[in-house]
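Chain by chain, the residues:
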Amino acid sequence: MFGTLAQAGKYLGQSLRLMVGLPEYDTYLAHMEKTHPDQAPMSYEEFFRERQEARYGGSRASCC
């Protein structure tokens, strides 16, 4: 029961972070270590900037 509850809490937290636009740097690091061990991962600052540009289209003009 507690395992299921903990898993639900984890997914809820992840969903909330994604809804407000907070990137999952720890998840990214785990992915890089598992699937791309020969590549150096981005720093947190690089990762955050890349995620912002992907979400908001960093190079486009202002929306209004």
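Cut-offs and rules
Residues numbered from 1 in each chain as written. Predicted model: local features only at pLDDT ≥ 70, side-chain atom pairs only at ≥ 80, totals over all residues. Heavy atoms only, no water. Helix = DSSP H or I, 4+ residues; strand = E, 2+ residues; numbered from the N terminus. Buried < 20%, exposed > 50% of the residue type's maximum accessible area, 1.4 Å probe, protein only. Areas by Shrake-Rupley, 256 points an atom, 1.4 Å probe, with all protein chains shown as cover. Salt bridge = Lys/Arg side-chain N within 4 Å of Asp/Glu carboxyl O. Patch = residues over 30% accessible without salt bridge, like charges linked within 9 Å, V, L, I, M, F, W, Y side chains within 5 Å. Expected span 1.5 Å × (residues − 1). Phe/Tyr/Trp six-rings, centres within 6.5 Å; stacked < 30°, edge-to-face > 60°.

## Some thoughts on the overall build of the protein chain
So, step 1. The number of helices and strands found in the protein chain is three helices and zero strands.
So, step 2. Mapped from its N terminus to its C terminus, the protein chain presents α and β elements in the order α-α-α.
So, step 3. In the protein chain, which comprises 64 residues, the proportion classed as buried is 11%.
So, step 4. As displayed, the protein chain offers around 5,600 Å² of accessible surface, 59% of which is attributable to carbon and sulfur atoms.

## Considering the pattern of salt bridges
So, step 1. Counting across every chain of the model gives one salt bridge.
So, step 2. With a shortest N-O distance of 2.8 Å, Glu50 and Arg51 are connected by a salt bridge.

## Thoughts on a nonpolar patch on the surface
So, step 1. On the surface, a nonpolar cluster with roughly 430 Å² of combined accessible area is contributed by Leu12, Leu16, Met19 and Val20.
So, step 2. Mapped onto the secondary structure, Val20 falls in helix α1 (residues 2–20).
So, step 3. Note on Val20: relative accessible area 60%, which makes it exposed.

## With respect to helix α3 (residues 44–56)
So, step 1. In a regular helix each residue adds 1.5 Å, so 13 residues correspond to 18 Å; α3 covers 18 Å between its end C-alpha atoms and thus fits that length.
So, step 2. Looking one or two residues beyond α3, the residue adopting positive phi is Gly57, at roughly 70 degrees.

## Regarding the packing of aromatic side chains
So, step 1. Scanning the entire structure with this criterion turns up five aromatic pairs.
So, step 2. On the numbers, 5.9 Å between centres and 35 degrees between planes, the contact of Tyr25 with Tyr28 is tilted. Placement of both Tyr25 and Tyr28 in helix α2 (residues 25–35) is noted, with a separation of three residues, approximately one turn of the helix. Neither residue differs from the other here; Tyr25 and Tyr28 are each classed as buried.
So, step 3. A ring pair is formed by Tyr25 and Tyr44, whose centres lie 5.2 Å apart and whose planes are at 85 degrees; its orientation type is edge-to-face. Here Tyr44 lies in helix α3 and Tyr25 lies in helix α2, a separation of 19 residues in the sequence.
So, step 4. The exposure class of Tyr44 is partly exposed, given its relative accessible area of 40%.

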